[in-house]
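Notes for the structure review
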Amino acid sequence: MSNREPERQGFLLDLVTGADGDAESLQRLTDAAARWISTTAGTRIECAAVLHRQRACYATAGSTPAAAGLAASEDEHGDGPAALGSALAAPAVINHGGSRWQAYRKRLLDNGFGSALAVPLELQPGSAAALILLGPPGYGFTAKVIGEAAWLGGVASHSLKLALDVHGIIRAGDNLKQVLESRTSIDVACGVLMAQNRCSYAEAFSKLAGTSRHRNLKVRSVADSILKAMPSGLPATRFEPPAFA
């Protein structure tokens, strides 16, 4: 991402390339958002991000260690912008006035920041996220910066949603590979038992399952122990992608 004015239509941040998972994509997002808003603000603005998904722990990131620490405190205290989730419908300035953010403002000051601008991100149902733009002491977010942050929030929403989808697909593929590898080992081990005991596949699998229960091991582990005891050792499992004409 450069400092040149982007084409607003269809602009996305690359949060996937080189990122191994959700946390790394979130880190890329905070780094990019800090650079972008700092250019508009004319001063250094840091960025924290918090992602919460159903049945999962908070994922947090920050453009500096102080910003990352502030983001991580959301899970412990539950009184920051991320706690509002989808109820935060538009960018909200968190400064020294009012009582809503009193405890959160104290943590802002403790981490060396003067004010914050919370920007909600729109993700899939069951997921909530927010960018928190962090200004230095004495800094006030202007209407221009707030407007730019609102636009950036839309870009970040689409970009992060895409990254989360991609990582989800990769995880599903890895899980499928593990299942196939397990199935292959079990099938080969059953074949060995069928040859040794002159029994059916069902009987061989029943022997594996019985040993699994007796030894309190997974069926895959029992199968692997049988294959490792073979003269040729554990056979390699290899999966090739389908060929397309």
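Preceding block: the structure.
Residues numbered from 1 in each chain as written. Predicted model: local features only at pLDDT ≥ 70, side-chain atom pairs only at ≥ 80, totals over all residues. Heavy atoms only, no water.

A word on the packing of aromatic side chains
Formally: Aromatic pairing here means that ring centres of Phe, Tyr or Trp (its six-membered ring) are within 6.5 Å. Orientation follows from the plane angle: under 30 degrees is stacked, over 60 is edge-to-face, and everything else is tilted. Here a strand is any run of E in DSSP of at least two residues, a helix any run of H or I of at least four, and the numbering for each starts at the N terminus.
For the coordinates displayed, the defined rule picks out 2 aromatic pairs. Ring geometry for Trp36 against Trp151: centres 5.5 Å apart, planes inclined by 35°, an arrangement best described as tilted. Here the residue Trp36 occupies a position in helix H1 (residues 22–41), and Trp151 occupies one in helix H5 (residues 143–197), the gap between them amounting to 115 residues. Between Tyr139 and Phe141, the ring centres sit 5.1 Å apart and the planes meet at 85°, which makes this aromatic pair edge-to-face.

With respect to the pattern of salt bridges
Pairing is possible between side chains that carry opposite charge, provided their charged atoms lie close to one another. Worth spelling out the cut-off: Salt bridge, as applied in this entry: a Lys or Arg side-chain nitrogen positioned within 4 Å of an Asp or Glu carboxyl oxygen. Classification of residues uses two cut-offs on accessible area relative to the type maximum, computed with a 1.4 Å probe and protein chains only: under 20% is buried, over 50% is exposed, and between them is partly exposed.
This model, assessed by the stated rule, comprises 3 salt bridges. Among the salt bridges present, the one from Arg44 reaches Glu46, with a minimum N-O distance of 2.9 Å. Classification of Arg44 by relative accessible area gives partly exposed; the value is 42%. Note on Glu46: relative accessible area 11%, which makes it buried. Across the pair Asp110 and Lys106 runs a salt bridge whose closest N-O atoms are separated by 3.1 Å. Here Asp110 pairs with Lys106, and both are found in helix H4 (residues 102–110), just 4 residues apart, close to one helical turn. We classify Asp110 as exposed; its relative accessible area is 56%.

What to know about the packing of helix H6 (residues 201–215) against helix H7 (residues 219–228)
Our working rule: To get an axis, fit a line to the C-alpha atoms, keeping to the stretch in contact for a helix; angles then go from 0 to 180 degrees between the N-to-C directions. Roughly parallel refers to an angle under 35 degrees, roughly antiparallel to one over 145, roughly perpendicular to one between 65 and 115, and oblique to any angle outside these ranges. Helix crossings are classified by the rotation of the near helix relative to the far one: an anticlockwise turn of less than a right angle makes the crossing left-handed, while a clockwise turn makes it right-handed. The contact criterion used throughout is that any non-hydrogen atoms of two residues lie within 4.5 Å. Ten residues, namely Ala, Val, Leu, Ile, Met, Phe, Trp, Tyr, Cys and Pro, are considered nonpolar, four, namely Asp, Glu, Lys and Arg, are considered charged, and the remaining ones, Gly among them, are considered polar.
Two elements in contact, H6 and H7, have axes whose closest approach is 8 Å; the angle formed by their N-to-C orientations is 110°. If you check the angle between H6 and H7, you find them roughly perpendicular. Pair H6 / H7 crosses with right-handed handedness. Of the residues in H7, those touching H6 at Phe205, Leu208, Ala209, Thr211 and Ser212 are Val219, Val222, Ala223 and Ile226. When the residues that make up the contact of H6 with H7 are grouped by side-chain class, the tally is 7 nonpolar, 2 polar and no charged.

Notes on the packing of helix H2 (residues 65–77) against H4
Following both chains from N to C, one finds H2 and H4 inclined at 150°, their axes separated by 11 Å at the closest point. Taken together, the axes of H2 and H4 are roughly antiparallel relative to one another. In the packing of H2 onto H4, the handedness of the crossing is right-handed. Contacts from Leu70, Ser73, Glu74 and His77 of H2 reach H4 at Tyr104, Arg107 and Leu108. In the contact of H2 with H4, the residues fall into 3 nonpolar, 2 polar and 2 charged.

A closer look at unusual backbone geometry
A positive phi angle, close to 50°, is found at Arg198, a residue other than glycine. Within the element layout of this structure, Arg198 appears in the loop between H5 and H6. Given a relative accessible area of 79%, Arg198 falls into the exposed group. At Asn216, a position not held by glycine, the phi torsion is positive, near 55°. Among the secondary structure elements, Asn216 is positioned in the loop between H6 and H7.

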